[in-house]
Each structure stands twice: as structure tokens, then as C-alpha cells.
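# Report on the structure
What follows is the residue order along each chain.
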2 protein chains.
Amino acid sequence: MEKLKKYVSVKDEDQFYHQGAVELLVFNFLLILTILTIWLFKNHRFRFLHETGGAMLYGLVMGLIIRYATKASDVDSGTVYECEKLKSGPSTLLINITNQVYEYQYKREISHHNVNGHQGNAMLQKMTFDPSIFFNILLPPIIFHAGYSLKKRHFFRNLGSILTYAFLGTAISCIVIGLIMYGFVKAMLHIGQLKGWEFHFTDCLFFGSLMSATDPVTVLAIFHELHVDTDLYTLLFGESVLNDAVAIVLTYSISIYSPKENPNVFDAAAFFQSVGNFLGIFAGSFAMGSSYAVVTALISFMHLTKFTKLCEFPMLETGLFFLLSWSAFLSAEAAGLTGIVAVLFCGVTQAHYTYNNLSPDSKMRTKQLFEFMNFLAENVIFCYMGLALFTFQNHIFNPLFIFGAFVAVFVARACNIYPLSFLLNLGRKQKIPRNFQHMMMFSGLRGAIAFALAIQDTESQPKQMMFTTALLIVFFTVWVFGGGTTPMLTWLQIRVGIDPDEDLKAESANQTASNLDKNTTKTESAWLFRIWYGFDHKYLKPILTHAGPPLTTTLPEWCTPVARLLTSPSAYGDQLKDDGTDYIINNDELTENYESSAHIPGPAQDRTGFTQATSKEDIHEGDLGLGGYELQLEHTAGQPQMNSLA
Amino acid sequence: MEKLKKYVSVKDEDQFYHQGAVELLVFNFLLILTILTIWLFKNHRFRFLHETGGAMLYGLVMGLIIRYATKASDVDSGTVYECEKLKSGPSTLLINITNQVYEYQYKREISHHNVNGHQGNAMLQKMTFDPSIFFNILLPPIIFHAGYSLKKRHFFRNLGSILTYAFLGTAISCIVIGLIMYGFVKAMLHIGQLKGWEFHFTDCLFFGSLMSATDPVTVLAIFHELHVDTDLYTLLFGESVLNDAVAIVLTYSISIYSPKENPNVFDAAAFFQSVGNFLGIFAGSFAMGSSYAVVTALISFMHLTKFTKLCEFPMLETGLFFLLSWSAFLSAEAAGLTGIVAVLFCGVTQAHYTYNNLSPDSKMRTKQLFEFMNFLAENVIFCYMGLALFTFQNHIFNPLFIFGAFVAVFVARACNIYPLSFLLNLGRKQKIPRNFQHMMMFSGLRGAIAFALAIQDTESQPKQMMFTTALLIVFFTVWVFGGGTTPMLTWLQIRVGIDPDEDLKAESANQTASNLDKNTTKTESAWLFRIWYGFDHKYLKPILTHAGPPLTTTLPEWCTPVARLLTSPSAYGDQLKDDGTDYIINNDELTENYESSAHIPGPAQDRTGFTQATSKEDIHEGDLGLGGYELQLEHTAGQPQMNSLA
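Rules used throughout
- Along every chain, residues carry numbers that run from 1 in the direction the sequence is written.
- In the order they appear in the text, chains get letters beginning with A and ligands get numbers beginning with 1.
- It should be noted that, the model being predicted, local features are given only for residues of pLDDT at least 70 and side-chain atom pairs only at 80 or more, the latter also being counted only at that level, while totals for whole chains, interfaces and linings use all residues.
- Heavy atoms from the whole structure form the basis of all side-chain values; hydrogens and water molecules are not counted.
- Going along the chain from the N terminus, every DSSP run of H or I of four or more residues is numbered as a helix, and every run of E of two or more is numbered as a strand.
- To sort residues, take the accessible area from a 1.4 Å probe on protein chains only and compare it with the maximum for the residue type: under 20% means buried, over 50% means exposed, and anything in between is partly exposed.
- Here a residue-residue contact requires only that any non-hydrogen atoms of the pair lie within 4.5 Å.
- With residues, only the protein chains shown are counted as cover, and all accessible areas are computed by Shrake-Rupley using a 1.4 Å probe.
- Whenever a carboxyl oxygen of Asp or Glu lies within 4 Å of a side-chain nitrogen of Lys or Arg, that contact is scored as a salt bridge.
- In protein, a polar contact means a hydrogen-donor-capable atom and an acceptor-capable atom, both N or O and within 3.5 Å, with residues adjacent in sequence counting only if both atoms are side-chain atoms; elsewhere, any N or O pair within 3.5 Å suffices.
- In this analysis, axes come from line fits to C-alpha atoms, helices being fitted only over the stretch in contact, and the angle between any two N-to-C directions falls in the range 0 to 180 degrees.
- By convention the crossing between two helices is left-handed if the near helix lies anticlockwise of the far one by an angle smaller than a right angle, and right-handed if it lies clockwise.
- The predictor rates its confidence in each residue with pLDDT, a number between 0 and 100.
- Throughout, nonpolar core names a set of buried Ala, Val, Leu, Ile, Met, Phe, Trp, Tyr and Cys residues whose side chains join them through atoms within 4.5 Å.
- Under the pairing criterion, centres of Phe, Tyr and Trp rings, with the six-membered ring standing for Trp, must be within 6.5 Å; the plane angle then separates stacked pairs below 30 degrees from edge-to-face pairs above 60, leaving the rest tilted.
- Only Lys NZ and Arg CZ are tested; either one counts as a charge over a ring when it is within 6 Å of the ring centre and within 35 degrees of the ring normal.
- Patch definition: residues with relative accessible area over 30% and no salt bridge; like charges joined within 9 Å; nonpolar side chains (Val, Leu, Ile, Met, Phe, Trp, Tyr) joined within 5 Å.
- Each domain's limits were defined by an automated method or a database of domain assignments.
- Put simply, buried area is the surface a 1.4 Å probe can reach on two separate parts but cannot reach once they are joined, added for both.
- Under this grouping Gly is polar, as are all residues other than the nonpolar Ala, Val, Leu, Ile, Met, Phe, Trp, Tyr, Cys and Pro and the charged Asp, Glu, Lys and Arg.
- The criterion for a disulfide is a pair of cysteine sulfur atoms lying within 2.5 Å.
- When describing relative orientation, an angle under 35 degrees is termed roughly parallel and one over 145 degrees roughly antiparallel, while 65 to 115 degrees is termed roughly perpendicular and anything else oblique.

## Section: the overall build of chain A
Assigned secondary structure in chain A consists of 28 helices and three strands. For chain A, buried positions account for 60% of its 646 residues. Long-range contacts, defined as pairs at least 24 residues apart, comprise 80% of the intrachain contacts of chain A with a sequence gap of at least 6. As displayed, chain A offers around 26,000 Å² of accessible surface, 64% of which is attributable to carbon and sulfur atoms.

## Here's the deal with the pattern of salt bridges
A full pass over the atoms with the stated rule returns ten salt bridges over all chains. Its salt-bridge partner being B:Arg413, residue B:Glu239 comes within 3.1 Å of it at the nearest N-O pair. Taken together, the residues B:Glu239 in helix H9 (residues 230–255) and B:Arg413 in helix H14 (residues 399–427) connect sequence positions 174 residues apart. B:Arg413 shares its class with B:Glu239; the two are buried. Taking the shortest distance from any N to any O, the salt bridge between B:Asp457 and B:Lys463 comes out at 3.5 Å. Among the ionic contacts, a cluster of salt bridges with common partners joins A:Asp361, A:Arg365 and B:Glu371.

## As for the environment of B:Thr251
Residue and element names in this part refer to chain B. Position of Thr 251 among the secondary structure elements: in helix H9. Along the sequence, Thr 251 and Leu 423 sit 172 residues apart, while their C-alpha atoms lie 26 Å from each other. At 2.6 Å, the side chain of Thr 251 and the backbone oxygen of Ala 247 are in polar contact.

## Considerations on the packing of helix H4 (residues 131–148) of chain A against helix H12 (residues 339–357) of chain A
Residue and element names in this part refer to chain A. One can describe the packing of H4 onto H12 by two numbers: an axis separation of 8 Å at closest approach and a directional angle of 35°. Between H4 and H12 lies a crossing whose hand is right-handed. Taking contact as the criterion, the partners of Phe 135, Leu 139, Pro 140, Ile 143, Phe 144, Gly 147 and Tyr 148 in H4 are, on H12, Ile 340, Val 343, Leu 344, Cys 346, Gly 347, Val 348, Gln 350, Ala 351 and Tyr 355.

## So, the confidence of the model for chain A
Keep in mind that low pLDDT regions are not for reading the predicted coordinates in detail. Residue and element names in this part refer to chain A. Taken over all residues, the pLDDT of chain A has a mean of 73, while the share at 70 or more is 66%. When mean pLDDT is compared element by element in chain A, helix H14 (residues 399–427) scores highest at 92, while helix H25 (residues 581–586) scores lowest at 30. Counting interchain partners and residues more than four positions distant, the pLDDT-below-50 stretch residues 511–525 has 20 contacts. Predicted confidence is poor over residues 572–646, with pLDDT under 50, and the contacts of this stretch with residues over four places away or in other chains come to 128 contacts. Scored by ipTM, the complex comes to 0.77, with pTM at 0.78.

## A closer look at the nonpolar core
Within the largest apolar cluster, 300 residues are counted, with the highest numbers of intra-cluster contacts made by A:Met439, A:Phe451 and B:Phe451. In contact with A:Phe451, other than residues within four places in its own chain, are A:Phe134, A:Ile381, A:Tyr384, A:Met385, A:Ala388, A:Phe467 and A:Leu471. Residues A:Leu93, B:Leu93, B:Ile97 and B:Tyr102 belong to the second largest nonpolar core, which totals nine residues.

## Let's talk about the environment of A:Val480
Along the chain, A:Val480 turns up in helix H17 (residues 461–483). The spacing of A:Val480 and A:Thr469 is eleven residues in sequence and 16 Å in space, taken between C-alpha atoms.

## Structural notes on the packing of aromatic side chains
Two descriptors summarise a pair of aromatic rings, namely the distance from one centre to the other and the angle between the planes of the rings. Applying the stated rule across the entire model yields 60 aromatic pairs over all chains. With centroids separated by 6.1 Å and ring planes inclined at 70°, the aromatic side chains of A:Phe184 and A:Phe403 adopt a geometry described as edge-to-face. Of this pair, A:Phe184 sits in helix H6 (residues 159–190) while A:Phe403 sits in helix H14; the two residues are 219 residues apart in sequence, bridging distant segments of the chain. Looking at A:Phe184, the relative accessible area reads 18%, which means it is buried. Plain terms: the ring middles of B:Phe144 and B:Phe321 are 6.2 Å apart, the flat faces sit at 85° to each other, and that makes the pair edge-to-face. Here B:Phe321 lies in helix H11 (residues 314–334) and B:Phe144 lies in helix H4 (residues 131–148), a separation of 177 residues in the sequence. Among the aromatic residues, those joined into a ring-pair cluster are A:Phe144, A:Tyr148, A:Phe321, A:Phe322, A:Trp326, A:Tyr355, A:Phe370 and B:Phe372. Lying over the aromatic face of A:Tyr355, A:Lys363 brings its terminal NZ or CZ to 5.4 Å of the ring centre. Sitting above the plane of the A:Phe206 ring, A:Lys463 keeps its charged end 4.6 Å from the centroid.

## Let's talk about helix H8 (residues 217–226) of chain A
Residues and elements named next belong to chain A. The buried fraction of H8 is high, at seven of ten residues. Those residues of H8 that sit buried are Val 217, Thr 218, Val 219, Leu 220, Ile 222, Phe 223 and Leu 226. Buried residues along H8 sit in contact with helix H2 (51–69), helix H9 (230–255), helix H13 (360–391), helix H15 (434–442), H17 and helix H18 (485–491). Backbone geometry just after H8 places His 227 at a positive phi near 55°.

## Description of a nonpolar patch on the surface
Residues and elements named next belong to chain A. A cluster of nonpolar side chains, namely Phe 266, Phe 271, Phe 272, Val 275 and Leu 279, defines an oily patch on the protein surface of about 520 Å² accessible area. In this structure, Phe 266 sits in the loop between H9 and helix H10 (268–301). Looking at Phe 266, the relative accessible area reads 57%, which means it is exposed.

## A short note on the domain arrangement of chain A
It is common to give the size of an interface as the accessible area lost on bringing the parts into contact. Residues and elements named next belong to chain A. Domain boundaries in chain A define domain 1 (131–498) and domain 2 (528–567). With eleven residues of domain 1 at the interface, the matching set in domain 2 holds ten residues. The junction of domain 1 with domain 2 conceals about 970 Å² of combined surface from both sides, 65% of it contributed by carbon and sulfur atoms. Sorting the residues of the side of domain 1 that touches domain 2 by element identifies H10 and H12 as the ones contributing at least two each. Split into classes, the residues belonging to the side of domain 1 that touches domain 2 amount to seven nonpolar, three polar and one charged.

## Focus: the environment of A:Phe406
Residue and element names in this part refer to chain A. Tracing the chain through its elements places Phe 406 in helix H14. Distance in space between the C-alpha atoms of Phe 406 and Met 181 is 10.0 Å, their sequence separation being 225 residues. Sequence-distant contacts of Phe 406, that is, excluding residues within four places in its chain, are made with Leu 472, Ile 473 and Phe 476.

## Details of the state of the cysteines
Residue and element names in this part refer to chain A. Taken as a whole and judged by the stated rule, the model has zero disulfides over all chains. Here Cys 174 stays free of any disulfide, with the sulfur of Cys 204 as its closest cysteine sulfur at 11 Å. The class of Cys 174 is buried, set by a relative accessible area of 4%.

## Focus: the packing of H11(B) against helix H12 (residues 339–357) of chain B
Residue and element names in this part refer to chain B. Two elements in contact, H11 and H12, have axes separated by 8 Å at closest approach and are oriented at 150°. It follows that H11 is roughly antiparallel to H12 by the angle criterion. H12 is crossed by H11, and the crossing has right-handed handedness. Residues Glu 317, Phe 321, Ser 325, Ala 328, Phe 329, Ala 332 and Glu 333 of H11 form the contact with H12, whose participating residues are Gly 339, Ile 340, Ala 342, Val 343, Cys 346, Gln 350, Thr 354 and Asn 357. Residue composition of the contact of H11 with H12, grouped by class: eight nonpolar, five polar and two charged.

## Regarding the side chain of B:Asn243
Residues and elements named next belong to chain B. Residue placement: Asn 243 occurs in helix H9. Accessibility expressed as a relative area gives 1% for Asn 243, which makes it buried. Polar side-chain contacts of Asn 243 include one of 2.9 Å to the backbone oxygen of Ser 212. A polar side-chain atom of Asn 243 sits 3.0 Å from the main-chain amide nitrogen of Thr 214. When residues no more than four places from it in sequence are discounted, the contact partners of Asn 243 are Ala 166, Thr 170, Ser 212, Ala 213 and Thr 214.

## Regarding unusual backbone geometry
A negative phi angle is the norm for most residues apart from glycine, just as the trans form is the norm for most peptide bonds. Residue B:His227 is not a glycine yet carries a positive backbone phi of 55°. Structurally, B:His227 can be placed in the loop between helix H8 (217–226) and H9.

So this is what it looks like as C-alpha cells:
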């Protein structure tokens, strides 16, 4: 007896141990294959398949092999046992089987109709990840990296447009997809499909919100490689980054929308509660993410007496940076907010403030670390998508629903891009040309976020059908649209091979020349951002980085004690020498201040602290309402070659 | 009903989701605290507490808080349910509770006497990791990093001594601890403790093998900081790295030692099977690890026609390097070998061959990546050790056993270091001085490996007592010995502030001067390693890196077709111009060859390919039997400032 027990135990343990290893080995093997393929393609300048597309393809082949080459083994697993004594499912279940106690851990609740899917192949089951792995492990580095590598200057210049596409556009897309799908679902019910299913309008909206998360990673990689027009790149990248955040919160808000009575009747109270949820979660996550970044900036900026700065120890600095950014995610999750959104805004804020305080070594370390994590996580997700087509056991392929979804996704993208571009062009000085609009329409790829949102809940039959459909849309858009990017660029005659810095300088010079009419033709977002820029430059940057004027000059006089406390000793030292305080106080309009200070040739050089940040280049940046981010770098770190994060 | 179900499901999911986040947040918080503390200490040049010691201290405090500040909640978890229908434990258990199917995943088998520990506090349970996390996630990066950063030159110079300490020393330590503990256990049984326990001599040996894994990370960090004598550093570092591998395989071999009849009687067959297991697993893991590294070297070295080399794409190169190294671990696990040992030798081989082929960018990326992973993993383990003292629910504190273990550990360390040093000094030209021996004796700290081995199996009561004791020994050695390193160095009058390169050059020059008697006084290991070095230089380096002579010159004539195939086009191109082939064939003794070729001033410069690698410096390296590793770098990458890996 004793012996048998031991044998069973060792056998089980070994089996589990090794299967975990085999499973990971499969992914490693797929990723290695992907890397080698990409290397091959890069050599032949073959741009029709991006690494993510390749990863997906290999995943598909591997899924096919696992599905049809391995046998059903674990017969016990499909049987449902009765347990009368239990009232609810405890987190840990101890079961006495033939006089031996086994410990079981709660995994999830499953519907009766899914029980069959659990019969059989243990390998297939092992290859099916826990969906929370996507949200907790794979997505955060991708999203953080996106936030951390947003190109600041171009991003802020187009911020109005980006916000419009991301918020209004995603809402439009969600509603349009929801309406079209509702029509198709009604039609399907009419012809007798979906018998006995509960499929409400909110489910359609749920599908609409998850399908609204665009992920043009393939397109952006090609844009980056070919140096496509920077404005187009920024519009697309900015939209896709912010749009993810909006789609995630939107999906969550819709999923917890619970009307009190009939789910088919509009319930105003529940609707407004959902809107409130959306705003609350979004704002809360934003606050959580940026506050962690601010803490990081403060720590890395700290310069106490007798203390060498943290940047003397790049390993500690990188570690702290990584841990605090991850904490932003975890805290948001722990507080019931959205970690992904928190980590996105944490990334943006880290890049805006903390990055300036890091040592050159840490700048490179953090950049490379997140780049590497992004690379791995992205390819694992796309590999898994390929695998999921064959290893996921509860697919529901419904041709009509799939057809409807394809139509809905393209119509919704068109309803997002064209009308909004028209509206934006009314306000923009630099119009979004027709071919850019077509390209944006074409770049509405779906990817990691849509998949992760769809796989989160695959219990009910409608959700399973949505998951299958989302997967097919991802396949189609990544391979067809991703592969067609280069021909499309040629066809739409979009210029390539542009140096982003040259581009900006030329435009800046151009705009400075026509300085007089600039203020009137400036778009709304630039106006909004001049206010933000002024606040950021005057108060936030001096508190959080070494750049900008000392606080004692920017805060009102009654705040001086506080200002002295918050200003770093070095900036404070500079301030003592400063005799141009009155000058700054006299000119409260920031743009004016910038221009005039630069037009005075001699004494401007004496105003240390503030004038340091107002070089010739800064004027162009400053009065376009752009972040002074990259120029600050030159002053603080003296490393012009490291200016660009991307 | 439907509603209630939904409510329960959402509640449960939320609870699980958030608890995972809270748990990770606790670790993040502890690590952040540790980093900040270390920063503080580094500023005050306070060397009595290393970061790992700090992490352990914070973990302890946090464990105390969690233990006594949180309440028991999950009452169901402690109850054992009967299930008559089940014959064995399936990997996935479906249970019908109040008409709802729940899925449970098999975790482990537990003994009846441990059931009580499962009652109560869910937070404590959550904080108790699955032990396999240590072996599969946290240890591999630490061990790989150790292998990857072995200082090649000094390591190979002292290889004989290091191997003696690591293999013979660990075996001695294991047996001595086993014997002493067996005496204590007998005494305990005599006075009536351990009633009803099964505690065999093999259990004592098991404890001996797991306590033989030394981990002087604290001491080495201080050595590194103070630039302690390089030979001492290398002896200690080399011993601790290889000794981990030996201890892990030894522990595994002892745990599967199963005598057929009475476990207290010596069973020769089972014993030899265990020895066979040890050798087989060790050799298999070694082969697995190094073959993955060789594959990596070959891929990174590949130079096909029309192909840009992989090193043009640092991200792909780093990714491939990382994935192949990880695959070495996973493959070894999947094959039933020891992943940790495989990953160690993979690291050593990667550093020896692949590192030379990497682009400068990838060299830095891989180094920093593994350094970072090592830093995080190490601190997480030490944090967890602190936590485990209070959160682990089945501690068995037995004062006599603990006292015995302390005595055994110190006696065993003495029996390892002093006799072996005496024997080694008989053969070594450069003796290991008395104070070095004392320092090595003092540096017998226990750490991550001992802990990970102890926590792997905590089911039976003897294993629980061993775990508790191991934990206390880790605490004591890390804090007391780790903290006492600096005073000990002063007390033993060990010189600090030595530049390792200067040190080696001086000695090399010294030894070249006394060139005549060198060959006779050379130690065994140097003799052994000249053979290895010759083979490595003639055959392996040319196949796997850009260094060394083309294979066509080193292989016998009948191998020429094969040699041509294996030699890289560039080396092959050099070979065509080579007219000194006869010269090389005439001198088959490598050392001779080196010396004479360098003594001919003029024509030596014409022999490209081979002579390129025989510069003035190489002579000293070459005929000392050292790896040509660091000098090769200068020839291939032309980056002298990146010579040193450590």
C-alpha cells in the first residue's frame, strides 16, 4: 500500500512537471522558428509577413499537429462527480480518494454544455492557457512599451485628432458593430439558428466593444521601416494605443451593465451607471498609473544631502523603475480598476518625466528591457492565437455570424475614420489628406487586445461564437491587411523615406515664418495643449525633473516656502543668481515669453535655470504647444544621440 | 437562480483576480523597500547587510504582519471530502455543487497529518508559492547568470581545485552531515522524540546533500566591491556554482534511492544504481545544456551567402539567445534530467563560444538582461525565505535537530575545505594560503539552492523538520557570516583593491620568465587543460566562432572535405592564401607551436588566419593553458573595452 502510494505520487508529479516543460518548450520552439523566419525575410527585404503573422502561422501548424497527432488520454477528466456536502466551491478542495488525501485548487465555474469539451486530450487542455495570463502577464509589457515609446513631439501635435479617433471613434465603432450584429442575430433567430440562446443587444455591444480595439502592429512596423510620413504614423500609433485603453474599459463597463428587469428594454439608470463606471474606471486607472510614475520620477530625482544619486547604480535604478511600473498595474487591479489602462498611462508619464532623470545607462537598459519583453509577449500572444484555432475545444463556427462580423468591422471602421476626419479637417490647419484617411481605414487591424478580451469569458455559447469570430477576424486582418501594407502605400502614393526630425524642423521653420496668422489658424488641440504645456513646464517639470525654471519663480509669492521645499537644491542654487524673475512674472502668456526671451540676444544667457530651456529650437517646440521633452534631454543629460525613445 | 449563479461567479472571479494582484504587490513592495534600503546603505558604504539579507529581513517582517494581522476566512478549505467513485486523482476534477459544475485542478497529494494546516487563513495559503516555481522560474536565471559570468581566465587556471572542492568536497560534506545528523536522530529517538516517525539514514543523507549547496552571494558581492584577491574570488565563486549542480543531482539521486528490502540495511545494487543515476543525470544535463549553447553559437556564427548576419538584428539575436538558453532548461526537464544543471553548463558554453559571435549591442543586452533577471529572482527568493518563516504552516522546530544541523554544517565545511586544500597544495605551484582556507571555511553560506531543495518536498514530518532547520541555517549564515565578511577580511589580512587584469599580467610575465621549470611544476589541472585547450582552439573555436585557425589546417588530410564544409567562408578564404600549412603540421605540440611562431619576427605576419590569433599576449594565455576567450574577442569584435564579462 505504502509503496503503491509512493508510486502513484511520483508518477503524477513527474507527469505534471514534464508536461509543463513540454508545453513551454513548444512555445519556445515556435518563437525560435519565428525569429529564424523573420531573419530570413529581413534578408530578402520581404515585407509581406510580419513576425507576428509568422508566429500566428507557426502556431496554427503546431495546433493542427497537437490536435490530430496526440491521443485522448485522461479519461477521468470528463466525468462530473456529485458532492452533496458542499454548498459552494471552496478555493482549495481536499478529497479523500482510496485513503489518500489529494489537494485540488479551484479553477473556474463551467457550464453544463461545456463539460464534453473537457473529455479527453490532456495535451490540448495543457496548451489552453488560463485567460488571466493574457491580462496579467502578457499584455502589461506590450502596453507599457507602447506608452513608453510614444513619440512625444508628434503625439502632442496631433493629440486632438488622436483623442477624437480614440474616444469618439471607438464609441462609434462599438455602436455600429453592435447594431449591425444585432441585425444579424435577429436574422439568425428568424431562420431558426441560435435556438434557446440568450443573445441580447448588450451582448452585441460587448462584441462591438471588444472588436473596436485596433492593433496595427504589422502596419506600424512597416511604416517604421519605410519611414512613412510621421504624422500618419503618429495618428495611427496614437489612436491604436489609446483606443486599446478605451476598448478595454468599454468592454468591462458593458459586461457589468445589468438592467434591473427585461434585458431587452433600455434601462436609463443602468445605462448611466455604466457610463459612470466607464468614466470612473478610466479616470481612476489614469490617476493610479500616472501617480506611480510620478513617485518614480520623484525618487529618481531625489538629491538629498550626503546622498549619491540613485542613477549611480543603474541596476537599482532599473529595478526600481520596473517594479514601480509593475506596481501601477497591480495596484490598479487590486483596487478594482483596469491595470492595463494604468500601465499605459504609467508608461506615458514615465517617458515624460522619469526618463529625463535616469542615467544614460538606465535609459538604455529600461528601453531595451521593455522592447525585449514587448517582443516576446507579442509573439507569444500571436503564436497562441494560431494554436487556439485548433486547441480551443469549444469553438462555434457560425458562417452567418462570421460574415456579419466581417461586414460590421469594416463598416464600423469606415464610420469611424471618414466622418471624424472630415470633422477634424474643419479645425486642423494641416489637413488629413484623403490618402491618409484611406490608409487609416485600411490599417484597422485587430490583434492582441481583441483576442485577450474575447478569451476572457468563453463560458456561454454566444461568447464562444464571438471568440471564434474574433479569432478569424484577427487572422484575416493580420495576414491580408498586414501583408498588403506595402502595395497599399504605393497605390495610395503615400510618401516614404522621411526623416522625422528633418520633417519637423522644416515645418517648424515654415510655421515660424508665417508666425502672424499662426495663432488664429491653430487647431483646438494646440490651444488646449499650450495651457497644459505651460502648467507642465512651469510646475510639473521643475518638481519632477531637473528641467524648467525653479519653482520659486513660477509659483505665486505666498507659496514661496512650499516652492523652496519642492525645488531641487541645484535648481534652487540657480535661482539665487536669477535676476530675471520680474521678467517672467510680467509675461504670463507662455508663448510670448518664449519668443521675446529668445529675441533678446545678450542678457538672456544670464537667466540660468529658465533660459537654459529656451534655446532656439525650443521656441519652435514651445509655441507649437509641443512637449519640451526631447529638448530637455539635451540640457540635462547632454546626450543628443539618445533623444528619441522610439 | 440564474442571478445568484452569476453573482457567485463574479464574486469568486473577482476575489481570485485581486488576491493574485495583492500577493504580487506585497512582493513588489518588499523588493522596492529592499532597493531603497540598499541605496541608503551604499551611500554610507555600509557593508554589513547585503541586498539579499535586507530582502530576507523585510520578508520576515511582512510574514509576521500577514500571520498575525489577517484573519482565518476560508473555513471550507480545511475539510476533507469523501469521494467513493474516484479510483485515482485525475488532473482535472469536475464537481457538481448545487447544480453548478466547478472545475478543480490537481495540485498535490497531502498527508493526513498536514490537513490541519489547510484550515483557515486564505491569505497565508496564497502567499505560499508552489515549490516548483522556485525550480522552474526563479532558479534558472540565477544559475544561468552564474555560468554566463564565470571569469574564464581565472576559472580555468584554478579548474582542478574548483572541481575538487565542488565534487569531492560536496560529497564529503554530504556524508559528514549525514553521519552527524544520523547520530543526532538516534539520540533523539533514544530520548523519546520523533515517536512514530520514519527517519532512515538516507533521509539524513538527503538533508546532508541539500545542506551542501553553498551560496556565498553576500560574500562574493563584498569581494567584488573590495576587489579581493582574484584567485580567492574565483575559487569561491567556481566552487559555489559547480557545487550547486552537484548538490542538486546528489539530492535527486538520494531521493530516488530505493533499497528493495529494509531501508536501514545497505543495498549494494540500489547504491550503485544511485551512483549510476547521479553520473547519468549529471552527464546528460551537461550534454543537453552545452549542445543548446553549441546550436546557438552555430546559428549566430552562420554566414550564408546573400545573408546579412544575425548580429545585424540585435533584438532577434538576443531573443534567440534567450529562447535557446531557456530551451536547454526545458528540454532537460522534459527529458527527465536536471534543468538547473543543463542551464548552468549552457551558460558556461554560451559565454565561451556564442558570446564571441554576438554583436557588441547583443553582448551588452544579454549581459544586462541576465543580470537584471538574476537580481530580481535572487531578491524574490530571499524575500520569500523571510516570509516562509511565518507563512509556511507546517514548521517543526526541534531544538536538538537544529543544534545538530548547525554543528554538522560547520564540521562538514571544515572537513571539506582543510583536508582538500592540503591535498591540493601538494600539487599546486601557487599554494592556497592558510588565510584563504579560513576565508573559504567562513564563506560556507547557505542560500537559494538549499532552500529550494528543502521546500520541494515538505509532506512528511522529517522533511518538514529539515525545511525548518534549513531555513534557520540560511538566516543565520546570511546575516551573521554575510555581515561579518568585511571584518573577517581585515582580521585574516587578505589583500583587497587588486586589479584582476594587472594581477594576471604580472603573474604571466613572471611565469614566462621562469619558462624552463614551468612545465615540470605545473599542476595537474593545467596539464589536463592544455589538452582541452588545444582541442578547443584547433577544432571547436574554428567551428563555432570566428577565432582560431581554419579547420582545413588543423584536421588530418583525409578530413579535408568535411573541414571545408565546416569552416566559415571568411576563414576558408584566409586559408587559401595560407602558405604556412606545413609549418603547422610539423609542430603538433600546441605550446611549442605557439612559442616558436611568436619567436619568428618577419614571416609570422603573413600567415593570416592562424597567426592572427597568436599575438604577443596570446602566448602567455596560450601556454598557461588558459581559455583564449578574452583575447579572441579583441581580434573578432575589436572591442577591447568589452573584454570582461563579469
